[in-house]
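Commentary on secondary and tertiary structure
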Amino acid sequence: MTEIKICGITNIDDALCAAESGADAVGFILHPPSPRYIAPERAKEIIAALPPGIATVGVFVNGEAEEVRQSAEDCGLDLIQLHSDESPEYCGRFSPERIIKAVFPRTPEDLRALAAYRVRAFLIDSREAGRYGGTGKRADWGLAARLSKERPLILAGGLSIENIGEALTAVAPVAVDINSGIEKAPGIKDHDRMKRIIDLIRKSGVSGPKVIFNKDQVSGT
């Protein structure tokens, strides 16, 4: 099936709605400049209130490896999403099973460079100067479709009710990352839009086991 992550969670109501609506994972942005930033101690409280089975992902941007590791352990995160310029060597300081690497390819050559990474999955997003995702703009679906044939892929970047069907057809990702397209304001989700987009994805007809957000397969640091 197409796995679903609802990212930019900042409060318990949105997290529980995501879980109850059938999301496979929720994401917390632990990068202070982000308008969707959540303090680690608050993320920990929300994670403790979630039902079993839903995976939790922390989003980090250019952090010191040991600080990222400690924050992930303190919060009780299942997966670590590195959402900036982290090198293969940096990613290698963590267990590959726990790492999602965000990438922002612009050319086929950018895709070839990803062969050096040992990670659980890649996430393709759009990027602007000074902003590491969360732009509401569409990623390059053509490059995303090429990468999805080679490695487990999460598609992000401006996904919404209006374009999710087209995105699934064009890219065939293992998972999708939904954020700004279901918000009332940064970090505040519209529950109706969240339920509707999850329902649309579930009705897409794709079936199969969880590949990325399977909590039973995540171990180590």
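Residues numbered from 1 in each chain as written. Predicted model: local features only at pLDDT ≥ 70, side-chain atom pairs only at ≥ 80, totals over all residues. Heavy atoms only, no water.

1. Observations regarding the pairing of strand β4 (residues 79-82)
Burial along β4 is two-sided: the face carrying Leu79 and Gln81 and the face carrying Ile80 and Leu82 are both buried. The pairing of strand β3 (residues 55-60) with β4 spans 4 bridges and is classified as parallel. Counterpart to glycine 58 in the pairing with β4 is isoleucine 80. Running through helix α3 (residues 65-75), the crossover from β3 to the neighbouring parallel element β4 is right-handed. Strand direction decides the pairing type here: β4 and strand β5 (residues 99-103), joined by 3 bridges, are parallel. Across the sheet, the residue bridging to glutamine 81 is isoleucine 100, located in β5. (Buried < 20%, exposed > 50% of the residue type's maximum accessible area, 1.4 Å probe, protein only. Helix = DSSP H or I, 4+ residues; strand = E, 2+ residues; numbered from the N terminus. Pairing = 2+ DSSP bridges. Right-handed = clockwise from strand over helix to strand, strands pointing away.)

2. Observations concerning the sheet that holds strand β6 (residues 121-124)
Strand order in the closed barrel formed by 8 strands is β1-β2-β3-β4-β5-β6-β7-β8, and the pairing between neighbours is parallel. Taking each pair of neighbouring strands and ignoring which way they run, the sheet shows an average axis angle of 25°. Set on the sheet, helix α6 (residues 141-148) makes contact with β5, β6 and β7 (153-155); between it and β7 the angle comes to about 155°. (Axes fitted to C-alpha atoms, helices over the stretch in contact; angles between N-to-C directions. Contact = heavy atoms within 4.5 Å.)

3. Considerations on helix α8 (residues 191-202)
With 12 residues, α8 ought to run about 16 Å at 1.5 Å a step, and its terminal C-alpha atoms sit 16 Å apart, in line with that. Looking only at α8, the buried set comprises Met194, Ile197, Ile198 and Ile201. The buried side chains of α8 occupy one side of the element, clustering within an arc of 100° when seen end-on. Contacts made by the buried residues of α8 are with β1 (3-6), α1 (12-21), α7 (164-171), β8 (175-178) and β10 (188-189). With a side-chain oxygen positioned 3.0 Å from the backbone nitrogen of aspartate 192, the residue opening α8 is aspartate 190. (Expected span 1.5 Å × (residues − 1). Arc of directions from axis to C-beta. Polar contact = N/O pair within 3.5 Å; in protein donor to acceptor, adjacent residues only side chain to side chain.)

4. Regarding the side chain of asparagine 179
Within the secondary structure, asparagine 179 is located in the loop between β8 and β9 (183-185). Judged by its relative accessible area of 10%, asparagine 179 falls in the buried class. In this structure the side chain of asparagine 179 is engaged in a polar contact, spanning 3.2 Å, whose partner is the side chain of arginine 36.

5. Structural notes on the pairing of β5
The element β5 is largely enclosed, with a buried count of 5 among its 5 residues. For β5 and β6, the ladder comprises 4 bridges, and the chain directions are parallel. Across the sheet, the residue bridging to isoleucine 100 is alanine 121, located in β6.

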